[in-house]
Amino acid sequence: MIENRGVLTRETAGYKELLEAMRLAAQRADRLIAEITPPLSGERYLTTEQVMARFHISRRSLQNYRDKGTIPYTSVGGTLLYPESISKRGAGEELLQAIHVIPNRPCSKTWPI
């Protein structure tokens, strides 16, 4: 018979306990994130990368929107932060319309063929 020698496998009790502990920790983290009030004026903020991913825009486009005042932002210690409310209904739609990515809306520009 082969000795276990402290190796965790999917069948060992230690592995199953570890999975359960990880699942419970993830549930607690999700609950805390939902319950905690953000410290900056009660608003949650997104990083540049999160805004780029959420709106499917490039870093340069995001900079252009900041320069034009299309998107609100704040700088904290050299890090740019964007209020999460821009991605919610209303403010997000206004932003999306400004950057021309609202689905099922005609484009205001025509391009030569």
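The structure contained in this document is the topic of the report that follows. Numbering of residues begins from 1 in every chain and follows the order in which that chain's sequence is written. In keeping with the predicted nature of the model, local features appear solely for residues at pLDDT of at least 70, side-chain atom pairs appear and are counted solely at 80 or more, and the whole-chain, interface and lining totals rest on all residues. Hydrogen atoms and water are omitted, and side-chain values are computed over all heavy atoms in the structure.

1. Concerning the pattern of salt bridges
Keep this limit in mind: Any Lys or Arg side-chain nitrogen found within 4 Å of a carboxyl oxygen on Asp or Glu counts as a salt bridge. Only runs of H or I of at least four residues qualify as helices and only runs of E of at least two qualify as strands under DSSP, and these elements are numbered from the N terminus. The buried label goes to any residue with under 20% of its type's maximum accessible area, the exposed label to any with over 50%, and the partly exposed label to all in between, with areas taken from a 1.4 Å probe on protein chains only.
For the structure shown, the criterion picks out 2 salt bridges. A salt bridge links Glu 20 to Arg 23; the nearest nitrogen and oxygen atoms lie 2.4 Å apart. Of this pair, Glu 20 and Arg 23 are both found in helix 1 (residues 13–35), 3 residues apart, which corresponds to roughly one turn of the helix. Residue Arg 23 is classed as partly exposed on the basis of its relative accessible area of 40%. The residue Glu 49 makes a salt bridge to Arg 59 at a minimum N-O spacing of 3.0 Å. One end of the pair, Glu 49, is in helix 2 (residues 48–55); the other, Arg 59, is in helix 3 (residues 59–68), with 10 residues separating them in the sequence.

2. Looking at a nonpolar patch on the surface
This is how it is decided: The patch calculation keeps residues exceeding 30% relative accessible area without a salt bridge and links them within 9 Å when they carry like charges or within 5 Å when they are nonpolar (Val, Leu, Ile, Met, Phe, Trp, Tyr). Residue exposure ignores everything except the shown protein chains as possible cover, and the areas themselves are Shrake-Rupley values with a 1.4 Å probe.
A surface patch of nonpolar side chains, about 380 Å² in accessible area, is lined by Leu 8, Leu 18, Leu 19 and Met 22. Here Leu 19 is to be found in helix 1.

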